[in-house]
Amino acid sequence: MGSVKEYFSSLGSGIASLVKGLAVTGKEFVTPKITECYPENRNEQVAAPRFRAELHFVYNEDGTHRCICCGSCERACPNGTITIESKMVTTPAGTKKKKLAKYFYDLGSCTFCQLCVTNCPTDAIAFDNDFEQAVFTRDKLVKQLNNRPEPEEPEPTPEELAAAAAERERKIAEAKAKAAAAKAAKEAAAAAENNTNATDNQ
């Protein structure tokens, strides 16, 4: 008797589950359908402003970028998406300066975590929402972000040249004074040691 009761109980549960599923299916039958005609409607249907699609450089109005080649984005990237190549240049004022040579970004391995953007101290990079990045080969996903010709460095003014020369002279004088102080301290230590040895011998 118990087995018959269990049979009808399980049968009732199965029918209830079936009716519940048919109700969900029936609801979808009467729901209005929405079809996105992409790419015909790409001008009307744009991605959300917060959508992260591709990394790009932020340029100033004069055509210069904000990257100072510090490497913070490259170190923050969890999977090596960013590769930075730098170079040392001599400014017209005669000082050495580290400058960006090439900035490579591999879109194919990017996880869009935005750690590079949040760690950039100068806000030199940002994500846009241009999601149309389909290509036929993976090597085309590796992009050089600093792809604009850079403007020429402005010629230094006479005041800047004089300031740079004064700074060089100051550093040279500080280095000479430091070396002289170290030599004097060494000679004083040697003289004190000699006096100690002479006293011990007496």
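In short, a report on the structure.

Conventions used here
- Residues numbered from 1 in each chain as written.
- Predicted model: local features only at pLDDT ≥ 70, side-chain atom pairs only at ≥ 80, totals over all residues.
- Heavy atoms only, no water.
- Salt bridge = Lys/Arg side-chain N within 4 Å of Asp/Glu carboxyl O.
- Helix = DSSP H or I, 4+ residues; strand = E, 2+ residues; numbered from the N terminus.
- Buried < 20%, exposed > 50% of the residue type's maximum accessible area, 1.4 Å probe, protein only.
- Pairing = 2+ DSSP bridges.
- Axes fitted to C-alpha atoms, helices over the stretch in contact; angles between N-to-C directions.
- Phe/Tyr/Trp six-rings, centres within 6.5 Å; stacked < 30°, edge-to-face > 60°.
- Lys NZ or Arg CZ within 6 Å of the ring centre and 35° of its normal.
- 1 Å grid on protein atoms, 1.4 Å probe; cavity = no way out; pocket = protein on both sides within 12 Å on 5 of 7 lines; lining within 4 Å.
- Points joined across faces, edges and corners; volume = space filled by probe spheres on them.
- Nonpolar A, V, L, I, M, F, W, Y, C, P; charged D, E, K, R; others polar.
- Patch = residues over 30% accessible without salt bridge, like charges linked within 9 Å, V, L, I, M, F, W, Y side chains within 5 Å.
- Areas by Shrake-Rupley, 256 points an atom, 1.4 Å probe, with all protein chains shown as cover.

**Observations concerning the pattern of salt bridges**
A side chain of one charge can pair with a side chain of the opposite charge if their charged atoms are brought near each other.
Right, so step 1: With the rule as written, the count across this model stands at three salt bridges.
Right, so step 2: In this structure, the salt-bridge partner of lysine 143 is glutamate 54, at a minimum N-O distance of 2.7 Å. One end of the pair, lysine 143, is in strand 5 (residues 142-144); the other, glutamate 54, is in strand 1 (residues 54-57), with 89 residues separating them in the sequence.
Right, so step 3: Salt bridges sharing common partners tie together Glu167, Arg170 and Glu174.

**Some words on unusual backbone geometry**
Right, so step 1: With an omega of 10°, the peptide bond between tyrosine 38 and proline 39 qualifies as cis.
Right, so step 2: In this fold, proline 39 is placed in the loop between helix 1 (2-30) and strand 1.
Right, so step 3: A positive phi angle, near 60°, is found at cysteine 69, a position not held by glycine.
Right, so step 4: Mapped onto the fold, cysteine 69 is located in the loop between strand 1 and helix 2 (72-76).
Right, so step 5: Judged by relative accessible area, which is 4%, cysteine 69 ranks as buried.
Right, so step 6: Backbone geometry at phenylalanine 112 places phi at a positive 60°, although glycine is not the residue there.
Right, so step 7: Looking at where phenylalanine 112 falls in the secondary structure, it is placed in the loop between strand 3 (96-106) and helix 3 (115-119).
Right, so step 8: We classify phenylalanine 112 as partly exposed; its relative accessible area is 28%.

**Some words on the sheet that holds strand 2 (residues 82-90)**
The pairing of strands in a sheet happens through backbone hydrogen bonds and is either parallel or antiparallel.
Right, so step 1: Across the sheet, which stays open at both edges, the three strands sit in the order 2-3-5 with antiparallel pairing between neighbours. The sheet is open, and its two borders are formed by strand 2 and strand 5, each paired with just one other strand. Across the sheet, the mean angle separating the axes of adjacent strands is 25° when strand polarity is ignored.
Right, so step 2: The pairing of strand 3 with strand 5 spans three bridges and is classified as antiparallel. The partner of aspartate 106 across the bridge, within strand 5, is valine 142.

**As for the pairing of strand 3**
Right, so step 1: Here strand 2 runs beside strand 3; their pairing, made up of nine bridges, is antiparallel. Counted as the bridge partner of glutamate 85 is lysine 102 from strand 3.

**Here we look at the packing of aromatic side chains**
Right, so step 1: Taken as a whole, this structure holds four aromatic pairs when the rule is applied.
Right, so step 2: With 4.9 Å between their ring centres and 65° between their planes, phenylalanine 57 and tyrosine 103 make a pair best called edge-to-face. Taken together, the residues span a long stretch of sequence, with phenylalanine 57 in strand 1 and tyrosine 103 in strand 3 at a distance of 46 residues.
Right, so step 3: The class of tyrosine 103 is buried, set by a relative accessible area of 1%.
Right, so step 4: Members of the aromatic cluster, each reached through a chain of ring pairs, are Phe57, Tyr59 and Tyr103.
Right, so step 5: Directly above the ring of tyrosine 59 sits arginine 148, whose terminal nitrogen or CZ lies 4.0 Å from the centroid.

**A few points about empty space enclosed by the protein**
Right, so step 1: Counted by the stated rule, this structure contains two cavities of 30 Å³ or more.
Right, so step 2: Taken together, 15 residues line the largest cavity, and the ones lying closest to its centre are Cys67, Cys69, Cys70, Cys73 and Cys120.
Right, so step 3: Broken down by class, the residue content of the lining of the largest cavity amounts to 12 nonpolar, three polar and no charged.
Right, so step 4: For the second largest cavity, the calculated volume is near 80 Å³.
Right, so step 5: In terms of lining, the second largest cavity is formed by 13 residues, of which the most central are Cys77, Thr81, Cys110, Cys113 and Cys116.
Right, so step 6: A per-class count over the lining of the second largest cavity returns nine nonpolar, four polar and no charged.

**As for a nonpolar patch on the surface**
Right, so step 1: Together, Val4, Tyr7, Phe8, Leu11, Ile15 and Val19 make up an exposed nonpolar region whose accessible area comes to about 580 Å².
Right, so step 2: Note on placement: leucine 11 falls in helix 1.
Right, so step 3: A relative accessible area of 37% places leucine 11 in the partly exposed class.

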